[in-house]
Amino acid sequence: MSSPPRQHLTREDRRVSMSDVARLAGVSAQTVSRVSNGSPGVIESTRQQVIKAMDELGYRPNSAARALKRGSFRTLGVILFTLSTTGNVRTLEAIAARAAEEDYAITLIPVSAPTQAGVRGAFSRLNELAVDAIIVIMEVHLLDAATVSLPPGVHAVVVDSDASDGYSVIDTDQADGARKAVEHLLDLGHPTVWHVAGPSASFASERRVNAWRTTLAARGRSEPPLLRGDWSADSGYLAGLKLASSDCTAVFVGNDQMALGVLRAFHEKGIRVPQDVSIVGFDDIPDSTSFSPPLTTVHQDFAEVGRRCVDKVLKQMRENSTEPGRELVPTRLVVRESTGARG
């Protein structure tokens, strides 16, 4: 059977419809719909015929109409305060990857200042952009509230936060990771462990600091003065210069980037790692194996955090539930050449 004659349609001022594509491709509108939605069961030659017609006419699926029909926009909103930290970037990457696996897109709304007003404003913007649920990456304390307050009736998951038990919270087990780092250094025979912490406004930083203190106290060890950085290698370098003039033999650094700076400072001052000082970082960034020496560090499973965030918020949507409570993703210590027994 010969194909029906192709109709020579041109773009008009009106929106090109699914029926226009069907006529040009010589198929049914239902077939066009299946191709548009990526549904299986369409013969490949037919699929290519429909795609060619879409391209020729400049057809773009009406996402709003499709959303009304299925009751979902297939989009998740993500609110966050900064993309300058390794944790946020890798968590966002993991969220996007898991959302794509579930056939969802993400819409990103950065908030310029960590305030309750900023969070609510971001929620309002995402509602205007028509998203199905929201993931909030909150790595720092709010400036104008003790804890975050989310609008009622919204399916939402909060990452790395002190949000109350009324919300779904996913976080890395920061405290257990820090405990593993400190205990590793103490088990190597070091009398105590110094700490270069991240910013005090950071939830992750404070949990690591508290675990460092608790672990030293539990082992009956003295607590050296706390040093702080801002997560950058430069701030780690400045902290390293101070450590170089102390009696430090072991240091737990709040993230791998600052540990890189500490290593540079020690190298400049002639301090050998690990012969003179042992160093443990946190994050296990891909480059940590290329540090000199390769860095012992605490591995965070950002992919698992992202997966759980998406799965949790989709479960809320499907069950129309709130799923309150906190889930902690385990860490593991990765031992490399930057730590050794005290000489």
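Above this text sits the structure in question.
Note that the structure is a prediction, hence the values are computed from the model and not measured. (Residues numbered from 1 in each chain as written. Predicted model: local features only at pLDDT ≥ 70, side-chain atom pairs only at ≥ 80, totals over all residues. Heavy atoms only, no water.)

What about the pairing of strand β1 (residues 75–80)?
Consideration 1: With 6 of 6 residues buried, β1 is to be regarded as a mostly interior element.
Consideration 2: Residues T75, G77 and I79 point to one face of β1 and L76, V78 and L80 to the other, with burial holding for every one of them.
Consideration 3: Pairing between β1 and strand β2 (residues 105–110): 6 bridges, direction parallel. For L76, the partnering residue across the bridge sits in β2 and is I106.
Consideration 4: Chirality of the crossover, the property in question, places the unit of β1, helix α5 (residues 86–101) and β2 among those that are right-handed. (Buried < 20%, exposed > 50% of the residue type's maximum accessible area, 1.4 Å probe, protein only. Helix = DSSP H or I, 4+ residues; strand = E, 2+ residues; numbered from the N terminus. Pairing = 2+ DSSP bridges. Right-handed = clockwise from strand over helix to strand, strands pointing away.)

What to know about the sheet that holds strand β5 (residues 168–172)
Consideration 1: Here we have 6 strands laid out as an open sheet, ordered β2-β1-β3-β4-β5-β11, and parallel in their pairing. Of all the strands in the sheet, just β2 and β11 (325–329) have a single pairing partner and so form its edges. For this sheet, the mean inter-axis angle between neighbouring strands, taken without regard to orientation, is 20°.
Consideration 2: In terms of strand pairing, strand β4 (residues 156–159) meets β5 through 3 bridges, oriented parallel. If you follow V159 over to β5, its bridge partner there is I170.
Consideration 3: Strand contacts of helix α11 (residues 302–319): β1, β3 (133–137), β4, β5 and β11, with the helix running at about 160° to β4, the strand carrying the most contacts. (Axes fitted to C-alpha atoms, helices over the stretch in contact; angles between N-to-C directions. Contact = heavy atoms within 4.5 Å.)

Re unusual backbone geometry
Consideration 1: Put simply, V273 and P274 share a cis peptide bond, and its omega is 10°.
Consideration 2: Along the chain, the position of P274 falls in the loop between α10 (256–268) and β9 (278–283).
Consideration 3: The step from S292 to P293 runs through a cis peptide bond, and the omega angle for that step is 0°.
Consideration 4: In this fold, P293 is placed in the loop between β9 and β10 (296–299).
Consideration 5: One non-glycine residue, D103, adopts positive backbone phi at about 65°.
Consideration 6: Relative to the helices and strands, D103 resides in the loop between α5 and β2.
Consideration 7: Judged by relative accessible area, which is 53%, D103 ranks as exposed.
Consideration 8: The backbone phi angle of D283 is positive, close to 125°, even though this residue is not glycine.
Consideration 9: Within the fold, D283 resides in strand β9.
Consideration 10: By relative accessible area, D283 is classed as buried at 6%.

Looking at the packing of helix α7 (residues 174–187) against helix α8 (residues 203–218)
Consideration 1: Put simply, α7 and α8 touch, their axes get as near as 8 Å, and they point 40° apart. When the interaxial angle is binned, α7 and α8 end up oblique. Viewed along their axes, α7 and α8 form a crossing whose handedness is right-handed. Residues Q174, A175, A178, R179, V182, E183 and L186 of α7 pack against A204, R207, R208, A211, W212, T215 and L216 of α8. (Parallel < 35°, antiparallel > 145°, perpendicular 65-115°, else oblique. Left-handed = near helix turned anticlockwise from the far one by under 90°.)

Description of the sheet that holds β10
Consideration 1: One open sheet accounts for 6 strands, arranged β7-β6-β8-β9-β10-β12; its pairing is mixed. Whereas interior strands pair on both sides, the edge strands pair on one side only; in this sheet they are β7 (227–228) and β12 (332–334).
Consideration 2: Direction of pairing for strand β8 (residues 250–253) relative to β9: parallel, over a ladder of 3 bridges. Directly across from F252, in β9, lies its bridge partner V280.

Comments concerning the packing of aromatic side chains
For any pair of aromatic rings, the description rests on two quantities: the centre-to-centre distance and the angle between the ring planes.
Consideration 1: Counted under the stated rule, the structure contains 1 aromatic pair.
Consideration 2: Residues F252 and F282 carry aromatic rings whose centres are separated by 6.3 Å and whose planes lie at 50° to one another, so their mutual orientation is tilted. Of this pair, F252 sits in strand β8 while F282 is found in strand β9, placing the two residues 30 residues apart along the sequence.
Consideration 3: Lying over the aromatic face of Y237, R264 brings its terminal NZ or CZ to 3.8 Å of the ring centre. (Phe/Tyr/Trp six-rings, centres within 6.5 Å; stacked < 30°, edge-to-face > 60°. Lys NZ or Arg CZ within 6 Å of the ring centre and 35° of its normal.)

Section: α5
Consideration 1: With 16 residues, α5 extends 23 Å between its outermost C-alpha atoms, agreeing within 8% with the 22 Å of an ideal straight helix rising 1.5 Å per residue.
Consideration 2: What α5 keeps buried is the set N88, T91, L92, A94, I95, R98 and A99. Looking straight down α5, one finds that the buried residues subtend no more than 165° of arc, so they occupy a single side. Those residues of α5 that are exposed and aimed more than 90 degrees away from the buried face are E93, A100 and E101.
Consideration 3: Tucked into the core, α5 has its buried residues touching β1, β2, β3, β4 and α11.
Consideration 4: At the C-terminal side of α5, D103 shows a positive phi close to 65°. (Expected span 1.5 Å × (residues − 1). Arc of directions from axis to C-beta.)

Describing the environment of I285
Consideration 1: Mapped onto the elements, I285 comes out in the loop between β9 and β10.
Consideration 2: Given a relative accessible area of 6%, I285 falls into the buried group.
Consideration 3: In this structure, the C-alpha to C-alpha distance between I285 and G87, residues 198 residues apart in sequence, is 9.5 Å.
Consideration 4: Residue contacts for I285: discarding those within four places in its chain leaves T86, R90, D256, Q257 and F291.

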